[in-house]
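Observations on the three-dimensional arrangement
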There are 2 protein chains.
Amino acid sequence: MSKQHEEVQLPAEDLEQFVFEVFSEGGLPDDHARIASNALVTANLRGVDSHGVVRLEPYIENIEGGGFNPDPDITIDRSGPSSLHVDADDGLGQVATDAAMEATVEAAAETGAAFASIRNSNHFGTAAYYTQKAARADCIGFAMTNVGPNVVPFGGLDPFFGTNPLGFSIPTQRSFPITLDMATSVVAKGKIHVAEEEGDSIPDDWAIDESGQPATEPEDVEALRPVGGPKGYGLGLLVDVCSGLLSGMGTSPEVDSLYDDYTSPQRVGHFVGAIDISAFRDVPAFKSDIDQMIEGLKEIRTSDGIEEVKLPGEIEAETREKRSAEGIPIGSGVYDTLGDLGERYGVELP
Amino acid sequence: MSKQHEEVQLPAEDLEQFVFEVFSEGGLPDDHARIASNALVTANLRGVDSHGVVRLEPYIENIEGGGFNPDPDITIDRSGPSSLHVDADDGLGQVATDAAMEATVEAAAETGAAFASIRNSNHFGTAAYYTQKAARADCIGFAMTNVGPNVVPFGGLDPFFGTNPLGFSIPTQRSFPITLDMATSVVAKGKIHVAEEEGDSIPDDWAIDESGQPATEPEDVEALRPVGGPKGYGLGLLVDVCSGLLSGMGTSPEVDSLYDDYTSPQRVGHFVGAIDISAFRDVPAFKSDIDQMIEGLKEIRTSDGIEEVKLPGEIEAETREKRSAEGIPIGSGVYDTLGDLGERYGVELP
């Protein structure tokens, strides 16, 4: 969100209720609308505004355009004790993936570990939403998704894989699980948009321009670079194979954008997994070890201006606490868009 | 290996037989010596000389010093349909991890996916050795291990986690599986050693010196940096939790070096996994999709001087083909050390 615009602060419950009602009026069954609205507002609470209520508009446009099925018949088949096939029936990615992770955690409780492949899906928001669900059930949770092509493979000049994010959560004794939700590119696409809005240049290792040279202005960006060169390239490939090929959807080049065409489904694949801690360790002993690791990390010397080493997901947990108390800041552009959506469906924006 | 030294070329089979005989004389049962020698020479064949026969000396020193148990009683307990506990009984990491992956692949064939936690282990060589074994059984294979502390967490100035490598392999229709075997640091420790031997400076984002400033000379390196900042930090943490805490061994700070003390075991933990393709897709259809993905990658434009986009593991597969035909180059320093080890046990180096 651009800093030159005014912001309003909305209580999370009010914002979530608004999004719920819009989804509901848009044709989602109540239980689906609950999950989708909670997933979006949870992203805002954690400070991941790029994946929060700003996505309500394209979701609604896709529902109205016929691209997204508002009332999907989600099926979950257990092909083996530890393998699940989930069909999202062209609905919102959030609804199918939430159901998939729930079933995966249940299967992992029986077998020790389980994975679900999700097909015929659309944009699923943040991976962290599902991995944290698994962590609440004392599992190490994993989630990934493919994305339309916007990252060059190492050594290449054309985009092939997408930012293909990879997320995991690890249960702790603290108030939040350790959580990493990372694009396999140097930066997520959202950081380019932020730089563009703020009129900033970007570091020359983030992206390339049309001719394959380093892009230093956001408007010249043709494709992103993988994080760590061959490492991010390889991880992005893994995410695509697990998300797109285990599900039979195809890799990133076959995935449609959330924005370009509202009349056809994106045909995204996801992959989620859960490793049940109790199949390997006594859970309290494991969490006590995690706490000892955290204490060790907190004791080490830090760079200038850094108070202490943060855990993956700790800044997001702090933001969540703050925004839960103070409300979620919504920029005027997003606020206006939400207002328009509300008007369309006769739902009042707080 | 330094370029100013002379090299000899040894046929892979001769080198492997030599290593086998040294291990055998060192007290390893024949079947264990076969696995350990094959794992080391396979690393050399793939061009990963830092994890090849150069490690024979510290392994032998640890066996002689009492740190490594040459004849371990490796146990494999299946705590659940998809979870295995492997005790390496302080033997070589290669022997226990090879057995663990074999059992994991068998379990995954029954359930769809399985993982093994390996405790009381030592240095296991390359992750790729085990992940490629899984890929040969039409699984996506994963392997990881913790390592003594030598990488700073993001924002920190002291090492906490190790280079904690993470590997995976994906089966293909080609002559080799897609394979990534990556340190979660910007570079593996071996690259610092190579720069030191060659008298080169290093880029300022690889490592820090004692005061926490960027190290540009190899001899000033106090600790490595995680790849992609918070991303590599988070992945290294995940590797440590899965390797060290699911096994009950503890995290990197509790892992001993392979070199510092030959009288006590390293107390390393590993974690391997297999996802059985057939639980999710028809295997030939999956491999055909993989081939189509590869063709897509090969078609894209490349940077100057790069002929085509390479798959993860493709350069190593090419090196393997070349070295299988022409022999493995061994620098004079390593050759002399191997010769000394051979003399100690009455085994002739070819």
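Residues numbered from 1 in each chain as written. Chains lettered and ligands numbered in written order. Predicted model: local features only at pLDDT ≥ 70, side-chain atom pairs only at ≥ 80, totals over all residues. Heavy atoms only, no water.

1. Here we look at the interface of chain A and chain B
Across the boundary between the two partners, chain A contributes 73 residues, which contact 73 residues of chain B. The junction of chain A with chain B conceals about 5700 Å² of combined surface from both sides, 73% of it contributed by carbon and sulfur atoms. When the buried surface of chain A facing chain B is broken down by residue, Lys231(A), Phe280(A) and Arg301(A) rank first, second and third, together holding 13% of it. Our count for the contact surface shared by chain A and chain B stands at two salt bridges. Note that Arg301(A) and Asp158(B) form a salt bridge whose closest N and O atoms lie 2.8 Å from each other. Taken together, the links from chain A to chain B amount to 23 residue pairs in polar contact (both at pLDDT 80 or more). The element best represented in the side of chain A that touches chain B is helix H7 (residues 230-245) of chain A, accounting for ten residues. For the side of chain A that touches chain B, the class distribution of residues is 44 nonpolar, 20 polar and nine charged. (Contact = heavy atoms within 4.5 Å. Buried area = accessible area lost by both parts, 1.4 Å probe. Salt bridge = Lys/Arg side-chain N within 4 Å of Asp/Glu carboxyl O. Polar contact = N/O pair within 3.5 Å; in protein donor to acceptor, adjacent residues only side chain to side chain. Helix = DSSP H or I, 4+ residues; strand = E, 2+ residues; numbered from the N terminus. Nonpolar A, V, L, I, M, F, W, Y, C, P; charged D, E, K, R; others polar.)

2. Considerations on the pattern of salt bridges
Tallying each qualifying case throughout the model produces 32 salt bridges over all chains. Close ionic contact of Glu308(B) with Lys310(B) constitutes a salt bridge, the shortest N to O distance being 3.9 Å. Taking the relative accessible area as the measure of exposure, Lys310(B) reaches 27% and is therefore partly exposed. Between Lys310(B) and Glu318(B) there is a salt bridge, with the nearest N and O atoms lying 2.8 Å from each other. For Glu318(B), a relative accessible area of 36% corresponds to the partly exposed category. Salt bridges linked by common partners bring Lys298(A), Glu308(A), Lys310(A), Glu314(A) and Glu318(A) together as one network. (Buried < 20%, exposed > 50% of the residue type's maximum accessible area, 1.4 Å probe, protein only.)

3. Focus: the sheet that holds strand S10 (residues 268-276) of chain B
All names here are of chain B. If you trace the seven strands from one edge of the open sheet to the other, you get S2-S3-S4-S10-S5-S6-S7, paired in mixed fashion. The sheet is open, and its two borders are formed by strand S2 (75-80) and strand S7 (178-182), each paired with just one other strand. On average, adjacent strands in this sheet sit at an angle of 15° to one another, irrespective of strand direction. Where strand S6 (residues 166-170) meets S7, five bridges bridge the pair, whose relative direction is antiparallel. (Pairing = 2+ DSSP bridges. Axes fitted to C-alpha atoms, helices over the stretch in contact; angles between N-to-C directions.)

4. What to know about empty space enclosed by the protein
One water molecule sets the probe size; rolling that probe over the atoms shows where empty space is left. Taken as a whole, this structure holds six cavities of 30 Å³ or more when the rule is applied. What the largest cavity holds in volume is close to 320 Å³. Of all elements in the fold, only strand S5 (139-145), strand S6 (166-170), H7 and strand S10 (268-276) of chain A together with strand S5 (139-145), S6, helix H7 (230-245) and S10 of chain B reach the threshold of two or more residues within the lining of the largest cavity. For the second largest cavity, the full set of lining residues is Val151(B), Val152(B), Pro153(B), Phe161(B), Gly162(B), Thr184(B), Pro226(B), Gly232(B), Tyr233(B), Gly236(B) and Leu237(B). A breakdown of the residues in the lining of the second largest cavity according to their chemical character gives seven nonpolar, four polar and no charged. (1 Å grid on protein atoms, 1.4 Å probe; cavity = no way out; pocket = protein on both sides within 12 Å on 5 of 7 lines; lining within 4 Å. Points joined across faces, edges and corners; volume = space filled by probe spheres on them.)

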